[in-house]
Structures are given as C-alpha cells and as structure tokens.
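Residue-level structural notes
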Amino acid sequence: MVLKVFFPSCCSSAESGILIGRWISEQNSAVILAVVHFPFIPVQVKQYLGEVQRVTKVNVSVLGSWSNSKQEKEESLSEFLEDLGTIFCHEPWIQISKEGDSKFWSCSTLQKHSKNPQEEEEIILVYYDQRKVMLSHLHPPLDTSGQGAEDSSKLWAIFDTVARSQVLFMTDRYDEGPIKLTHWQSDGVEASIIVELLKQASVPACMLLTLLLSLLSGLCRSRVLNFWPLSFLWSKLSTCEQLGHRLQHLQVISSNKKAQNQSQLMRKANIFVSLLIDVALGILLMSWLYRKNRIGHLADTLIPVADHVAEELQDLLQWLMGAPAGLKMNRALDQVLGRFFLYHIHLWISYIHLLSPFIEMILWYVGLSACLGLTVALCLLSDIIALLTFHIYCFYVYGARLYCLKIYGLSSLWRLFRGKKWNVLRQRVDSCSYDLDQLFIGTLLFTILLFLLPTTALYYLVFTLLRLLVVIVQGLIHLLVDLIDSLPLYSLILRLCRSYRLAAGVKFRVLEQQDGKPLRLLMQINPLSYGGVVQTYRLPTYSCYPRDSWASLCKKLFLGELIYPWKHKGDKQN
C-alpha cells in the first residue's frame, strides 16, 4: 500500500524534533504542518495540540519524528526518536531523516500493532509550499463528474487542513512559550501596517456609510416617490436603475456581517474594487469635461447637430412623399402620413430651440454625475440619447401601429375567405359559415387594406431602421455598463499578481527517484484560467436592454409589434 506524506518545504532545514499534522486515513496520507523542537515536555505538547484541535476543529496529532543529521549531538538520537512513538502512540509512526549535506532523504514507518509488521509500505514524499497552500482556494472542476471530481475532493482535504490550521502558524520563534515550532511563519508573523490601519479605520467608516445608506433607502421607499410619474421614471430610466444597483452594492460592502465562505469574501472584494475603478474613471471623465470649457463647446455643437438631424429627416420624408425608388404609392395616404410626420418634426425643432438657452447649464450639472461613477455617466448618456431621439421613437410607434393594424386585419379577412374564424375562448381557428353580405364587405375591406399596405409598410420600414439604429447605440452603451458592473476586477488582479490564490488543481514534479529511497515529488499549484475566473466570480447585473432571441425579434418586426428598449425592474441577469 502506498503511503503519501505531504511535507512543508519550509521545514526541510528545521532542527530535529517531532512532526505534528493530520492523518487522513481514507487516503492513507499524512499532512505535516509543523516541527516541534527539543527540548519539550510531552504533556505540554498534548495540551497544546488539544487547544489547537478545539479552535481549528482539525484532528492534529503527533505523526512521527524528524531528524536533521547536521543538528545531531548524540549517537542515540535516532533511538530516542523511535521511543517517542510509545509516548504519543500513533500508527503508523513516520520517521523522516535528512542525511547531512546529501540531497537524499530516508523515510520509514513503524507499525508495532500491525498484523504484518514485516510488510513495508511504499512511501511517497510530497513537498508543498505551506504559505501558498494556506492562502489559496481550490476551485472545483467545471466538469464535476468522473475521476476529476474524486481527485478534487482528495486535494480539497489537504488544502482544507492547511487553511484551517492558521492558528498553528501564529506562533513564531520569538514567542516565550514552552513549545518551539518550525513552519512558514517561524521567523515572524506576516503582517502589514497599512492593512492593519485600514482595518481599524474601516469600522467607523462602515458604520457611517451604513447610517447614510439606511437614510437614503428610507427616502427611496417613501410615499413621495411611489406616485405615478416618479415611479414610472424610476422604472424606465436606466440612470435610476444603475443608481439603485450601486446602492445595493454599497449595502453589501458596508454590511457588518462577516463573509461565511470564500465566495462571499471574493464577491465583496470584487464589488469594492469595481466601485473604486468606476468612480476613478468617472472622476477622470469629469475632469476632462470641465477642462478647457469642453462643456460649452459641447453645448454649442448640440443644437446644430439636432438641426441637421431634423433637416435630414425632413428630406427623407419629402423623398417618401414623392416616388421613392420609383415605387407607385397611394398618393392620398402618402401625403397624409408625410405631413403628419413633418408637423412632428416642426414641433421637435421648436422644442429644441426653446431649450437652447438652458442646454449649457443642463450639461454642466449633468457632468457632475460622473463623480458617481463612469457607469452612471454612461446610463445618463443613454437616457439623453433616448430623449433627443424621442421624435424618432414616436414615428416608429405610429408606423408600427398602422402596419400592425393592417397585418392583423388582412390575416383576419383572409380567414373569412376560407370560411374560418378565430375562437377567442379556445384560442384556435374554427370553421364558420358567412352569408353573402359578410363576404362582400370582407372582400371590399381586404382589397382596401391590401392596396394601402405598401405605403404603410414603406414608412414602417424606414422608421423601424432608424429606431433599430438608436436601440443598437443604446445597447452598446449598456453592454459597456454591464461589462464594468459584472467584471470581477479584484479576482483578475489576484490571478495576475498572485495566481496561486486561485487554484484549479495541482501538478507534481519529480525531484528524486532512486531504488531504496522514497519517491520525492514537488507539488505545484495550477492557477485558474482567466476564463474560469470570470465565469466563477462574475457579478450579477441589472440589464436594461431587450433579451429577445433573433427569431422572436424577427417575428416582432414582421408583425409590427413594438420593440421596447427597457426591461422591467427586478429582472436580474446572471
């Protein structure tokens, strides 16, 4: 049977002593956590290990002895280390010794109570970096079936043992205690003054932020904002959606509840870093806008651009009112629709020129919203585009409603010719007998709608293309907002700088393989891929663009159904 001993590489130069760790009987493996040096009192070692077990809930015990020949002062040291097995009583008793300056190690086991004491076990000595294993988080494989899931569960037991034994690593050689240990923090506990100061300052900051957020949440839930106009704007404007989304993020960050697992901790860290980068980019955008009077230049450019767009629309309508592409249109209907839309453009130009004296002031205050984050500024830009193209949306709605009315009218009259009708109660097509007058009226109406359809379809096609252009621009803006909101920036930075913190598995490299000596392997951590990091830690978003499939979108366009750019509040997209 193969015995696997996981030995920390930081203990390879430790003084002689005893090995403490956890025995995993299911895998026939021993995870060495530290080396206890001489001199020590066995009773004190047992008491110390009992306290460690009580705190960490890990079955830590004395697994064997460690002998470093460079530190030997007596010839009977090896015999003394063997006799320690009778005091601590662990089966099997592991004996590891380092032979001076040689690179070869010897490893053996003693089993006094075994049924076959002469049977020798094959031993594999695996070195691991204790610091990296303790700080890393082993992720389960994406394919959780088969041999990969079983190997992952075995590795998880080893990673979990080292991670939960963090209390054991808080003692160093400078502590005045009866027990001296060697582990990865033996020369001093790893800490940062800046991190400790931030921890102390974060407590009052989180309390103040929680108080402000509770007041803001109470204001948002007040009855004043529940009246129809304000509630409608809150549910339709993407800026309000984004502000509500960021408010939830701030509540998660300022919560005094401790993260229960690694996933919750990474989620908080990703949200915090995403907020910081979002606000930093927003401040950079705001500083660029208010430098060299760019707000004034933008306001001076906006009115000529709006006039140019209105002129292009007027030219387009004049072209449609003639003979577009040589098509023969119904002149009466063509003139009515063209003049109707021209009147709306005239109203829109008057509205823009009425607001022209206040546009610079409006843009000046709108630019201040960038201090709330780049995503808020982008959502505000999307809402401004929606307001500036509201006349195009009106044209699209008028054309779509007329086209939809004629399509459904023609389909209903076509069923009349075939002696069918739509059963509203049973939601199906049934047979029906019509008299001569009904067939005559149906034929007359069908002919009128069929000959008027090309004129209506042409206007509907033109304004639908314009509407789709606006929706595509807004969709690209919201895609950028979703990218900033959902991208796990902290996890990606952690993967770039400290890849061992996000472990996908391990690999083994052979260090020594010789007859009569234990096989020595080096365990190295395989980091999680960047795609796996994004897939595992991607943050949920609240999208404000349509999620229709291509088939559903084409069906809506053909039947003349409206394409709304908004989603209802509360539709959470993972």
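The name given to the protein chain in an unreviewed UniProt entry is PIGQ acetylglucosaminyltransferase, and the organism recorded there is Zosterops hypoxanthus.

1. Description of the pattern of salt bridges
Throughout the structure, instances matching the rule amount to 4 salt bridges. For R246, the salt bridge is made with D278, and the minimal N-O distance between the two is 3.1 Å. Taken together, the positions of R246 in helix α7 (residues 238-254) and D278 in helix α8 (residues 262-289) put the pair 32 residues apart, joining distant regions of the chain. Assessed through its relative accessible area of 6%, R246 is described here as buried. When the shortest N-O distance is used, the salt bridge between R246 and D485 registers 2.9 Å. You can see R246 sitting in helix α7 and its partner D485 sitting in helix α14 (residues 436-486), a full 239 residues away along the chain. Like R246, the residue D485 is buried in the burial classification.

2. A short note on the packing of aromatic side chains
For the coordinates displayed, the defined rule picks out 15 aromatic pairs. Both rings, one in F7 and one in Y127, keep their centres 6.2 Å apart while their planes meet at 85°; by these two values the pair is edge-to-face. On the criterion of sequence distance, the pair formed by F7 in strand β1 (residues 2-8) and Y127 in strand β7 (residues 122-128) is long-range, its members being 120 residues apart. Here F7 matches Y127 in class, with each residue buried. Arranged with centres 6.4 Å apart and planes meeting at 35°, the rings of Y459 and F463 form a pair that is tilted. One end of the pair, Y459, and the other, F463, are both in helix α14, 4 residues apart, so they sit about a helical turn from each other. In this structure F463 comes out as buried when scored by relative accessible area, which is 1%. Cluster of aromatic residues (ring-pair linked, three or more members): F340, F341, F395, Y398, Y459 and F463. The ring of Y530 has R495 lying over it, and the distance from NZ or CZ to the ring centre is 4.5 Å.

Here is what the cut-offs are and how they apply
- Residue numbers restart at each chain and count upward from 1, following the sequence in its written direction.
- Given that the model is predicted, a residue must reach a pLDDT of at least 70 before its local features are reported, and side-chain atom pairs must reach 80 or more before they are shown or counted; all residues, however, enter totals for whole chains, interfaces and linings.
- Side-chain calculation: all heavy atoms of the structure are included, whereas hydrogens and water are not.
- Each salt bridge in this description consists of a side-chain nitrogen of Lys or Arg and a carboxyl oxygen of Asp or Glu lying within 4 Å of one another.
- Numbering of helices and strands runs from the N terminus, with a helix taken as a DSSP run of H or I at least four residues long and a strand as a DSSP run of E at least two residues long.
- Throughout this description, buried means an accessible area under 20% of the type-specific maximum (1.4 Å probe, protein chains only), exposed means over 50%, and partly exposed covers the range between.
- Two aromatic rings, drawn from Phe, Tyr or Trp (for Trp, its six-membered ring), form a pair once their centres lie within 6.5 Å of each other, and the interplanar angle then sorts them: stacked below 30 degrees, edge-to-face above 60, tilted otherwise.
- Either the NZ atom of lysine or the CZ atom of arginine qualifies as a charge over a ring when it sits within 6 Å of the ring centre and within 35 degrees of the ring normal.

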